[in-house]
Each structure stands twice: as C-alpha cells, then as structure tokens.
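So you can see what is in the structure, the chains are spelled out below.
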Amino acid sequence: MRVYQGTLKKGAIVYNARTGKKVKVPRLVRMHSNDMEDVAEIGPGEICAMFGIECSSGDTFTDGTTSYSMTSMFVPDPVVSLAIKPTGTETPNFSRALNRFQKEDPTFRVHFDSESGETIISGMGELHLEVYVERMKREYNTPCTTGKPQVAYRETITQRAEFAYTHKKQTGGAGQFGRVSGFVEPIEADEETGDNVAFENWVTGGNIPAGYIPAVEKGFRDALEKGSLAGCPVSGVRMILEDGAYHAVDSSELAFRQAAIGAFRECYMKARPCILEPIMSVEIVAPIEFQGSVIGSVNQRRGTIIDTDVREDEFTVTADVSLSDMFGFSSQLRGLTQGKGEFSMEYKTHQPVLPHVQQEMAAEYQRKLQQKK
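Residues numbered from 1 in each chain as written. Predicted model: local features only at pLDDT ≥ 70, side-chain atom pairs only at ≥ 80, totals over all residues. Heavy atoms only, no water.

Student: Report on the overall build of the protein, specifying residues and quantitative values.
Tutor: Scanning the protein for helices and strands turns up 7 helices and 22 strands. Projected onto the principal axes, the alpha-carbon positions of the protein cover approximately 70 × 60 × 45 Å. The buried share of the protein, taken over its 373 residues, is 40%. A separation threshold of at least 6 residues defines the contact pool for the protein, and within that pool the share at least 24 residues apart is 71%. Only carbon and sulfur atoms are counted for the fraction: they give 49% of the accessible area of the protein, which is about 21500 Å². Placing the 41 positive and 50 negative side-chain charges of the protein at their respective mean positions leaves the two points 7 Å apart. (Helix = DSSP H or I, 4+ residues; strand = E, 2+ residues; numbered from the N terminus. Buried < 20%, exposed > 50% of the residue type's maximum accessible area, 1.4 Å probe, protein only. Contact = heavy atoms within 4.5 Å. Areas by Shrake-Rupley, 256 points an atom, 1.4 Å probe, with all protein chains shown as cover. Lys, Arg positive; Asp, Glu negative; His and termini not counted. Charge placed at Lys NZ, Arg CZ, Asp CG, Glu CD.)

Student: For the packing of aromatic side chains, give the residues involved together with the corresponding values.
Tutor: Counted by the stated rule, this structure contains 10 aromatic pairs. Their ring planes at 70° and their centres at 5.8 Å tell us that Phe220 and Phe264 sit as a pair that is edge-to-face. Of the two residues, Phe220 sits in helix H3 (residues 213–223) while Phe264 sits in helix H4 (residues 253–268), which places them 44 residues apart along the sequence. When sorted by exposure, Phe220 lands in the same class as Phe264, which is buried. Between Phe329 and Phe343, the aromatic rings sit 5.0 Å apart at their centres with planes inclined by 80°, giving edge-to-face as the arrangement. Pair noted here: Phe329 is in helix H6 (residues 329–336) and Phe343 is in strand S22 (residues 342–352), with a separation of 14 residues, a long-range link. Using a relative accessible area of 1% as the deciding quantity, one classes Phe329 as buried. Through pairs of rings, three or more aromatic residues link up here, namely Phe101, Phe108, Tyr132 and Tyr140. (Phe/Tyr/Trp six-rings, centres within 6.5 Å; stacked < 30°, edge-to-face > 60°.)

Student: Break down empty space enclosed by the protein for me, with residues and values.
Tutor: Evaluation of the coordinates by the stated rule reveals 1 cavity of 30 Å³ or more. Considering only enclosed or pocket space, the largest cavity measures out at about 30 Å³ in volume. Every residue lining the largest cavity is listed: Val282, Ile284, Val298, Arg301, Ala319, Val321, Met326 and Phe329. Mapped onto the lining of the largest cavity, the elements with two or more residues apiece are strand S19 (273–287) and strand S21 (314–322). Residues that form the lining of the largest cavity fall into these classes: 7 nonpolar, no polar and 1 charged. (1 Å grid on protein atoms, 1.4 Å probe; cavity = no way out; pocket = protein on both sides within 12 Å on 5 of 7 lines; lining within 4 Å. Points joined across faces, edges and corners; volume = space filled by probe spheres on them. Nonpolar A, V, L, I, M, F, W, Y, C, P; charged D, E, K, R; others polar.)

Student: Break down helix H7 (residues 355–372) for me, with residues and values.
Tutor: Given a rise of 1.5 Å per residue, 18 residues ought to cover 26 Å, and the 26 Å separating the end C-alpha atoms of H7 matches this to within 8%. Regarding H7, the residues found buried are Gln358, Met361, Ala362 and Tyr365. Along the axis of H7, the buried positions cluster into a sector of 100°, meaning they face one direction only. Opposite its buried face, H7 presents the exposed residues Gln359, Glu360, Gln370 and Gln371, each directed more than 90 degrees away. Elements in contact with the buried residues of H7: S19. (Expected span 1.5 Å × (residues − 1). Arc of directions from axis to C-beta.)

Student: Explain the layout of surface pockets to me, and be specific about the residues and the numbers.
Tutor: Estimates place the volume of the second largest pocket at around 1500 Å³. Forming the walls of the second largest pocket are 41 residues, and the residues nearest its centre are Met1, Arg2, Asp59, Thr60 and Phe61. Its residues assigned to classes, the lining of the second largest pocket comprises 19 nonpolar, 14 polar and 8 charged.

Student: How would you summarise the pattern of salt bridges if you had to cite specific residues and measurements?
Tutor: The final tally for this structure, using the stated rule, is 22 salt bridges. Residue Glu46 is joined to Arg30 by a salt bridge in which the shortest nitrogen-to-oxygen separation is 2.7 Å. Pair noted here: Glu46 is in the loop between strand S6 (41–42) and strand S7 (49–50) and Arg30 is in strand S4 (residues 28–32), with a separation of 16 residues, a long-range link. The residue Glu217 makes a salt bridge to Arg221 at a minimum N-O spacing of 3.1 Å. In this pair, Glu217 and Arg221 both sit in helix H3, 4 residues apart, roughly one turn of the helix. The class for Glu217 is partly exposed, based on a relative accessible area of 27%. Among the charged side chains, a salt-bridge network with shared partners connects Arg100, Glu104, Arg135 and Glu139. (Salt bridge = Lys/Arg side-chain N within 4 Å of Asp/Glu carboxyl O.)

Student: So what about a negative patch on the surface? Which residues, and what values?
Tutor: On the surface, Asp190, Glu191, Glu192 and Asp195 cluster together into a negatively charged patch. Positionally, Glu191 belongs in the loop between strand S16 (176–186) and strand S17 (197–201). Overall, the relative accessible area of 81% leaves Glu191 in the exposed class. (Patch = residues over 30% accessible without salt bridge, like charges linked within 9 Å, V, L, I, M, F, W, Y side chains within 5 Å.)

Student: Let's hear about the pairing of S21: which residues, and what values?
Tutor: Among the 9 residues in S21, 8 count as buried, and that is most of the element. Sheet topology places strand S20 (residues 304–310) next to S21; 6 bridges connect them, and they run antiparallel. Residue pairing across strands places Thr304 opposite Asp320, the latter belonging to S21. Hairpin connection from S20 to S21: 3 residues lie between these consecutive antiparallel strands. (Pairing = 2+ DSSP bridges.)

Student: Describe the nonpolar core, listing the residues and the values that go with them.
Tutor: Judged by nonpolar contacts, the single largest core of 69 residues is most densely connected at Val180, Val184 and Phe264. Tallying contributions element by element places H4 first for this core, with 8 residues. The contacts of Val180, once residues within four sequence positions are left out, are Phe163, Ala164, Tyr165, Ile208, Val216, Leu241, Asp243, Gly244, Phe256, Ala259, Ala260 and Ala263. Of all hydrophobic cores here, the second largest spans 10 residues; its members include Leu8, Val14, Leu28 and Val39. (Core = buried A, V, L, I, M, F, W, Y, C linked by side-chain atoms within 4.5 Å.)

This is the structure we're talking about:
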C-alpha cells in the first residue's frame, strides 16, 4: 500500500472507497526484500504492507472525510486462455486460490464455460498463467492439470450492413412482437476509454417506446458475445437503430431484445466479418553470434522485424509476432542460443488472420455446431 497524503497509523480506521466498508489497520510493516520491519506509522510517499484487510489491486482507502478515489489503472483484455482442473478431487482451496489471484491481479480472469463444463483461466501470456498454476500447487497444495493454450481470437465487421427484422411469436395469450431497423458499421476503438462497441438510438416519433430502447441495446450486446463466423466475441461494431414498430399488447422488453439479436445475426454475414488475432510486441536479447539463427526463427514464425540494435557482444531484436505462433518459442530460443537468449512480449493489437486460417476456423466452428445437433 502507498500513502499519497496524510499519515497512516497502526490501529487507525480507514474506509475502502470502492466498497464503503470501514477497516481497522491491525499491523503495519515496512518491507525490505523478504524481511519485515514493524512500524507505528507511515507518511506520504512511503510504501508499506498491511495484514488481514479485504481489498483488491487498485483500491483506494481514505479516512472517511472524503470520497476521492485514485484513477483506475488501464487493464488490457486477456490474450491467452487455459482450461484448468485440479488433479484428483476438487477441494475448497481450488476456488479460494482463483478468487485470491483475481483480487491481486486485474489481468488474471476466471470464468466457467457452460458448453464444455470447464473452468477457464485467462491472462497476458503462457508464462503468466504457468506462474499461477505453480502457485496453486505450492501455496494452496492444489496440483492442477491444464489444457492446451487457447488464443483469444475476436471477430469484427469490415463494411456497413442494413437490417430490418421482425420478431413474432404467437402462443396462447399475449405473444411477442418487436420490429427493429437500422444498420451496423465498423468503428475504431476510442483512444481514451478503449471502448470499441457502440449503440446509438436515432428513433423519432415514438415508433419504439423509450422504455424498450435499453432492451434493444442489451440484445445487441448479447449478440456480440458470440459471432456467427467462428464463435468468437465481436468487437469494433456500432449499431444504429433508426426505426421500428411495436404492438400495444404483444410487445415487451424480451421481444425487443430477441429482435435485436435476430437483426444482428441476420445482417452480420452481409457486413463481411473477419477474424482478428492478438499480435504481440516481442523483444529478444541474445549474444551476437546467434543473431542469424534468432532472426531466422522469428521469420519462421511469420514475425515482422521492427528494429535491430547491435551492441558489442549482444543484440536486441524487436518484432511483431502473432500470439498463436509464439507458443513453444521459449524452449526453441534456449536451444538456439545455448540457454543465453531471453525474450519478453506484451500485447500490441488485434489484426486480421490470413484468409486460409479464417476458412479453417469457420469450417471447424460449423463442424462443432453440426455435432451438437
């Protein structure tokens, strides 16, 4: 914890600005590597550790007189996912560990895939997830087995497409009716917020009552969770709702939500969708005598060399490489450089996959859908 203003004392009461809960500071320690030194108070600019306080990374604590909170840090979307399950029988430690890791690291995400019945962990790279799997074994005595790493592909559209869709369902009693029309178009991500999905309502004259507009937006965002091309989340889309129609008896929020989902799926293929893959910025440092073989291995993985910096006895290569081509690179680099080379990578952007890869992924997705039927 870092103090920005005022003094934090042992035994003081502080308030968590995110949850509003008040907590007593039981113990303050100053860390020196792995040694702890107990302190009675710390002042502005100092960093300390506290014990037994329920909080997450990025939380702000105040003395209760102000409700300020620090600007939240930018958290990029995960790029790699792994299916994880405990070896043997599942114990409470499994979920306890995953909950704790999510609190301390905002880039580590956990969700349950209802289709495959698996727990999926997502993060910023292969090594990132391997560290957490190792920590579960060491700190929580929960050895786990993991599946093959899955890359976080996305889908987007490349051109504008119009829709006019009517959702009608007649059963005994009141049915369902909702009509929506408008268009979808590709958009760039907002530089400030990073948001790349938008919904705009251009309906005039009360053709769709204002109370049903949020249901249309909800339906649109639900449809984005799984694209029709390869079943990946859809981004970079703006939906403009221009017109529609409702029925005094049969229209409901559910009807308009279903209408929005149907409208998006109907016009999606007309908007020429494509699959995007995460591109990583990779920096490799190795002794100069291995330069040729290292650059050869980057080219082999369809990497684009951005910069090469040669010094006396070592060199640095910066390249953009797709994440799917980076699996197994660490062991290959060790072999090429006699264990002397090292590399780091961070997420840069998403770019369209090669046409033949897109066709294979789309065919695989269709095959899976057929098997379910």
